[in-house]
Amino acid sequence: MTAWNPENVRQDFVLLQNTDRVYFDNAATSQKPACVLDAEKRFYEKYNANPFRGLYELSEEATECYEDARKTVADFLHASCPEEIVFTRNATESLNLAAYTLSEYLLKPGDEIIVSIMEHHSNILPWQQAAKRYGATVKYLECDMDGTIPAERLESMITDRTKIAAITQISNVLGCRNDLKTFAEICHRHGVILVGDGAQSVPHIAVDVQDLGVDFLSFSGHKMLAPMGIGVLYGKQELLEKMPPFLTGGEMIETVSRYDAVYAELPHKFEAGTVNAGGAVGLAAAIDYLESYGMDTLHAVEQELTAYLFRGMNAIPHVHVLGSQREDNHTGIVSFTVDQVHPHDISEVLSSDGMDIRAGHHCAQPLHDHLGIHSTARASLMFYNTKEEIDRFLESVSNIRRRMGFGNE
């Protein structure tokens, strides 16, 4: 295990070394350490051939790199076997895959899908479309104003028509963590499949899918130091076996005749076409980097930074932090409003000071509607951020209303 040294960590990220801007948009996309960039570059320099397609040495080496990356992901998530790991482009594609294929063999008219109100649109729209295709109904599991979803609320919504529940592990707006383990136990007592969104959890906390008991879990590599364009869908093997393919074409088949086809075994039946082998290798390198420090260590660092930011924001007049008022319940995310200042203006002012944040509804409009807020500003942290950056940020936030013409109040 590598000893924690924040100065050494900063040096691993080339972009951070080449800018004096404060990057607080990590919930959207994290920065990439040199080892990840080098791993992807090395793949294309040494092993660039189509995995699975050739019987020659270079193709076999490319296949080995790709499958080694799959095993790295499986070990990271504590999946029961590598075959439970399907590579996709991102969490959005993973959730579309799950929704499309599950609904094809599960749903019939009158069935129900439970979706939490705090979901990213990527875990809402696919279920809306599935419900429309098969005559099912989407029911929304609402949270309290602090983001809490009581377990009994989920259980009370389940009926004998409920087939699927889709719930994020950590909200991309509120930063609060849902108890997916308890939710999975409730769902399974009633024969309901639980699809978890791990886009904001897998990069920040240790995740054991077998302990959680979820049936599916999605995440994106680009939020956890890896390249853009690589994502993962974890699925229990017995369910993946039953599901039809999502995309069809090359490499996801065993045989093809004029009128029929035999599909490849798991996980390849879900990975049609030329795969993103370089991205998978980069993802494996990102996981190795995270594990070199340990997820518990990195989570503790991020929680300390988040608490520091949370306390600073709460001390500024006219600033309101969304969600829980517990500093330990934001997991790197602090979404906020400033009285009489539009979030887009907040972002513009901060950008002029060299601060990069996100403003808008963060692809979570139903949650914002539920909270009675049109849009918010969001600062999101990663372990490579510093308290000095937070101090700069707090100073800028404290001056926003004055700079927008509201005087020194």
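Everything quoted here is computed from the prediction, not taken from an experiment.

(A) Broad picture of the packing of helix α12 (residues 295-314) against helix α15 (residues 387-398). Interhelical geometry of α12 versus α15 gives an angle of 20° and a closest axis separation of 10 Å. If you check the angle between α12 and α15, you find them roughly parallel. The element α12 and its partner α15 pack so that their crossing is right-handed. Taken together, the residues of α15 that come into contact with α12 (itself represented by Glu-304, Leu-305, Tyr-308, Leu-309, Gly-312 and Met-313) are Lys-387, Ile-390, Asp-391, Phe-393, Leu-394 and Val-397. Class assignment of the residues belonging to the contact of α12 with α15 gives a composition of eight nonpolar, one polar and three charged.

(B) Region of interest: the environment of Asn-96. Along the chain, Asn-96 falls in helix α5 (residues 91-106). The class for Asn-96 is partly exposed, based on a relative accessible area of 32%. Put simply, Asn-96 and Trp-127 are 31 residues apart on the chain and 8.3 Å apart in space, counted from C-alpha to C-alpha. Those residues in contact with Asn-96, other than ones at most four positions away along the chain, are Pro-126 and Phe-246.

(C) The packing of aromatic side chains, seen in detail. Scanning the entire structure with this criterion turns up 15 aromatic pairs. Here Phe-13 and Tyr-384 contribute two aromatic rings whose centre-to-centre distance is 4.7 Å and whose plane-to-plane angle is 55°, an arrangement assigned as tilted. Here Phe-13 is found in the loop between α1 (6-11) and α2 (14-17), whereas its partner Tyr-384 is found in the loop between β15 (376-380) and α15, with 371 residues between them in sequence. Tyr-384 matches Phe-13 in its accessibility class, with the two residues each being buried. When the ring of Tyr-66 is compared with that of Phe-87, the centres are 5.2 Å apart and the planes differ by 50°; the resulting orientation is tilted. A residue pair is termed long-range when its members are at least 10 positions apart, and Tyr-66 in helix α4 (residues 57-77) and Phe-87 in strand β2 (residues 85-88) qualify at 21 residues. As far as burial versus exposure is concerned, Tyr-66 and Phe-87 are alike and both buried.

(D) Highlighting the pattern of salt bridges. A full pass over the atoms with the stated rule returns 21 salt bridges. A salt bridge links Arg-378 to Asp-25; the shortest N-O distance between them is 3.5 Å. Within this pair, whereas Arg-378 is found in strand β15, its partner Asp-25 is found in the loop between β1 (22-23) and α3 (34-46), the two being separated by 353 residues in sequence. Of the two residues, Arg-378 and Asp-25, both sit in the buried class. Residues Asp-211 and Lys-181 are paired through a salt bridge, measuring 3.0 Å at the closest nitrogen-oxygen approach.

(E) Quick peek at the pairing of strand β5 (residues 162-168). In terms of burial, β5 is largely enclosed, as seven of its seven residues are buried. As judged from the four bridges shared by strand β3 (residues 112-116) and β5, these two strands associate in the parallel manner. By the bridge assignment, Val-115 is partnered in β5 with Ala-166. Of the pairings in the sheet, the one linking β5 to strand β6 (residues 193-197) comprises five bridges and is parallel in character. Considered in β6, the bridge of Ala-165 is made with Leu-194. With helix α8 (residues 180-189) bridging β5 and the parallel β6, this β-α-β connection has right-handed handedness.

Cut-offs applied
- Residues numbered from 1 in each chain as written.
- Predicted model: local features only at pLDDT ≥ 70, side-chain atom pairs only at ≥ 80, totals over all residues.
- Heavy atoms only, no water.
- Axes fitted to C-alpha atoms, helices over the stretch in contact; angles between N-to-C directions.
- Helix = DSSP H or I, 4+ residues; strand = E, 2+ residues; numbered from the N terminus.
- Parallel < 35°, antiparallel > 145°, perpendicular 65-115°, else oblique.
- Left-handed = near helix turned anticlockwise from the far one by under 90°.
- Contact = heavy atoms within 4.5 Å.
- Nonpolar A, V, L, I, M, F, W, Y, C, P; charged D, E, K, R; others polar.
- Buried < 20%, exposed > 50% of the residue type's maximum accessible area, 1.4 Å probe, protein only.
- Phe/Tyr/Trp six-rings, centres within 6.5 Å; stacked < 30°, edge-to-face > 60°.
- Salt bridge = Lys/Arg side-chain N within 4 Å of Asp/Glu carboxyl O.
- Pairing = 2+ DSSP bridges.
- Right-handed = clockwise from strand over helix to strand, strands pointing away.

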